[in-house]
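Next come the chains, spelled out residue by residue.
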Amino acid sequence: DRSSAASEVYKRQEIKQKKFNSEHEKLVVNILFTGNWMNLENTKHLKTFGLTLPQYNILRILRGQYPNPATVNLLIDRMLDKSSNASRIVDRLLLKNLVLRKICKKDRRSVDVTITEKGLELLKEIDNQQSQWREKF
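Residues numbered from 1 in each chain as written. Predicted model: local features only at pLDDT ≥ 70, side-chain atom pairs only at ≥ 80, totals over all residues. Heavy atoms only, no water.

Asks: Honestly, the environment of cysteine 104 in this entry has me stumped. Any pointers?
Replies: Along the polypeptide, cysteine 104 turns up in the loop between strand E2 (99-103) and strand E3 (111-115). Owing to a relative accessible area of 10%, cysteine 104 belongs among the buried residues under this scheme. Considering only alpha carbons, one finds cysteine 104 and alanine 70, 34 residues apart in sequence, at a separation of 9.6 Å. Discounting residues that sit within four places of it in the chain, cysteine 104 has contacts with Ser110, Val111 and Asp112. (Helix = DSSP H or I, 4+ residues; strand = E, 2+ residues; numbered from the N terminus. Buried < 20%, exposed > 50% of the residue type's maximum accessible area, 1.4 Å probe, protein only. Contact = heavy atoms within 4.5 Å.)

Asks: Help me out: how do you make sense of the pattern of salt bridges in this one?
Replies: Close approach of charged atoms allows side chains of opposite charge to pair. Taken as a whole and assessed by the stated rule, the structure comprises four salt bridges. Its salt-bridge partner being lysine 44, residue glutamate 41 comes within 3.3 Å of it at the nearest N-O pair. Of the two residues, glutamate 41 and lysine 44 both sit in helix H2 (residues 23-47), three residues apart, roughly one turn of that helix. Two residues, arginine 63 and aspartate 127, come together in a salt bridge whose shortest N-O distance is 2.6 Å. (Salt bridge = Lys/Arg side-chain N within 4 Å of Asp/Glu carboxyl O.)

Asks: I would appreciate a short explanation of the nonpolar core in the present structure.
Replies: Inside soluble globular proteins, nonpolar side chains tend to come together where they are buried. The biggest cluster of nonpolar side chains holds 24 residues, and the ones touching the most others in it are Leu51, Ile58, Leu59, Leu62, Leu75 and Leu93. Elements supplying a minimum of two residues to this core: helix H3 (53-65), helix H4 (72-78), helix H5 (86-95), E3 and helix H6 (117-134). A total of five residues in this core trace back to one element, the largest contributor, which is H3. Among all residues touching leucine 59, those that are not within four sequence positions of it are Leu51, Leu93, Leu98, Val99, Ile115 and Leu123. (Core = buried A, V, L, I, M, F, W, Y, C linked by side-chain atoms within 4.5 Å.)

Function cannot be read off these values alone, since they describe shape.
This is how it looks when you write it as structure tokens:
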């Protein structure tokens, strides 16, 4: 079964350090290790849909705003990875026809971003497969 296969992979990649200064240090290292492993698995999964984690994050934010647009500043505020460049991510999603970008009517210096039907359909497809993917954990 998938979950035991994932567990075996995880065990092979387990932390090699045997001695820790404290239980707290051991806990922190294990949380970081597990978080990084889950991130890597999520990255692999999203790659099958042609998306990166930050692109997926922005699409989910835009779906939450839908049908209203979001400004790039709102996207930056809500992104999980604050070091990502939201403008460049929007540019890449625009090339894939997953978002629309328009000059904001209220403030011409700002840009409104909206998810497209194609973007909504892609998220729906990912959602449908997410439950199967999560079974690995």
